[in-house]
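Chain and residue survey
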Amino acid sequence: MKMIAPSILSADFTRLGEDVLTAVRAGVRYIHLDVMDGMFVPQISFGNPVIGSLRPITDAIFDVHMMVEEPGRYVDEIAELGADIITVHTEACTHLDRVVQQIKSCGKKAGVVLNPATPLETLEYVLDDLDMVLLMSVNPGYGGQKYIPYIDEKIRRLRKMIDEKGLSTLIEVDGGVNVSNIRRIADCGADVLVCGSAAFKGDITRNITELQEQLMK
C-alpha cells in the first residue's frame, strides 16, 4: 500500500496542530517531521518541544527525519517524545550501525537517509536491520525544490536490492513530490511519499485527496 506523509515543514506554524489534524482527517497515516540543526543543513527548523506538543493530539505515525549532525545525541529523547520512526542520515553519522541499533533499542523503527548523490552501496551492511530507507530527491535543507530526475533510477535499484534480499524495508522519497509526479515515483518502487507544499499549501483536504487519487490510479 502506497502512503502519503505530509511534511509539517510546509504547514502554517500559527495553526500547526489544526493543520496536522486536518491532514489526518483527510486520511493520511504518516506525519513527516523534519528536524534541522543549521549545521548538517543550512536551515534551523524545529526541535523536540514541537514533537512533544503534537504527539498528544493524534495517533498518526510520527516519521521523524533527523537532519542534524551526530543524531545519536538526540535519539533517546526523540523516542521518548513519541516518534514512531526515526531516520538518520548516513552522511551525518560517524558510527551508523551504532545509531541504528540505538534507535531499535528504544523500541522504535529505524531508517537511514541518503542524500541524492550518496550511493546505495553505503547501505550494504545495515540494510537488513532497517525498517525504512529514505531517499532524498532534492538536496536537503530547503522546501519547494524540484525533484531530481535521476532519483527514479535510484529508487528502482533500491527496490531491487530490497526485493532480492526478501526484506520488508519501506522506501520513502522526500523532495519535490507533487500531484504531477507522485504516481511515477510510486511506480518506481517508493512506498511512502513525503509531500510538503503539495499537501499543506492551500486547501489541505483537497490537496491530500488529489494526491491519494493519483496514487490509486
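In this report, the structure presented in the accompanying data block is examined. (Residues numbered from 1 in each chain as written. Predicted model: local features only at pLDDT ≥ 70, side-chain atom pairs only at ≥ 80, totals over all residues. Heavy atoms only, no water.)

Thoughts on unusual backbone geometry
A positive phi angle is found at glutamate 70, which is not glycine, with a value near 45°. Tracing the chain through its elements places glutamate 70 in the loop between strand E3 (61-67) and helix H3 (75-80). (Helix = DSSP H or I, 4+ residues; strand = E, 2+ residues; numbered from the N terminus.)

What to know about the nonpolar core
Core analysis: the biggest nonpolar cluster contains 64 residues, and Ile8 and Ile155 have the highest contact counts within it. When near neighbours in sequence (up to four residues on either side) are disregarded, isoleucine 155 contacts Leu135, Tyr147, Ile171, Val173, Ile185, Cys188, Gly189 and Ala190. Membership of the second largest hydrophobic core comes to seven residues, among which are Tyr30, Ile85, Met132 and Val194. (Core = buried A, V, L, I, M, F, W, Y, C linked by side-chain atoms within 4.5 Å. Buried < 20%, exposed > 50% of the residue type's maximum accessible area, 1.4 Å probe, protein only. Contact = heavy atoms within 4.5 Å.)

Comments concerning helix H8 (residues 204-216)
Taking 1.5 Å of rise per residue, 13 residues should cover 18 Å, and H8 covers 18 Å from first to last C-alpha, within 8% of that figure. Contacts from the buried residues of H8 go to strand E1 (3-6), helix H1 (16-25), helix H6 (182-188), strand E8 (192-195) and helix H7 (197-200). The N-capping residue of H8, defined by a side-chain oxygen 3.2 Å from the backbone nitrogen of threonine 205, is aspartate 203. (Expected span 1.5 Å × (residues − 1). Polar contact = N/O pair within 3.5 Å; in protein donor to acceptor, adjacent residues only side chain to side chain.)

Examining the layout of surface pockets
Each pocket or cavity is described by its volume, and for the second largest pocket that value is around 180 Å³. Around the second largest pocket, the lining residues are Met1, Lys2, Met3, Ile4, Gly27, Val28, Arg29, Gln212, Leu215 and Met216. If you list the elements that add at least two residues to the lining of the second largest pocket, you get E1 and H8. For the lining of the second largest pocket, the leading source of residues is H8, giving three residues. Of the residues assigned to the lining of the second largest pocket, the class counts are six nonpolar, two polar and two charged. (1 Å grid on protein atoms, 1.4 Å probe; cavity = no way out; pocket = protein on both sides within 12 Å on 5 of 7 lines; lining within 4 Å. Points joined across faces, edges and corners; volume = space filled by probe spheres on them. Nonpolar A, V, L, I, M, F, W, Y, C, P; charged D, E, K, R; others polar.)

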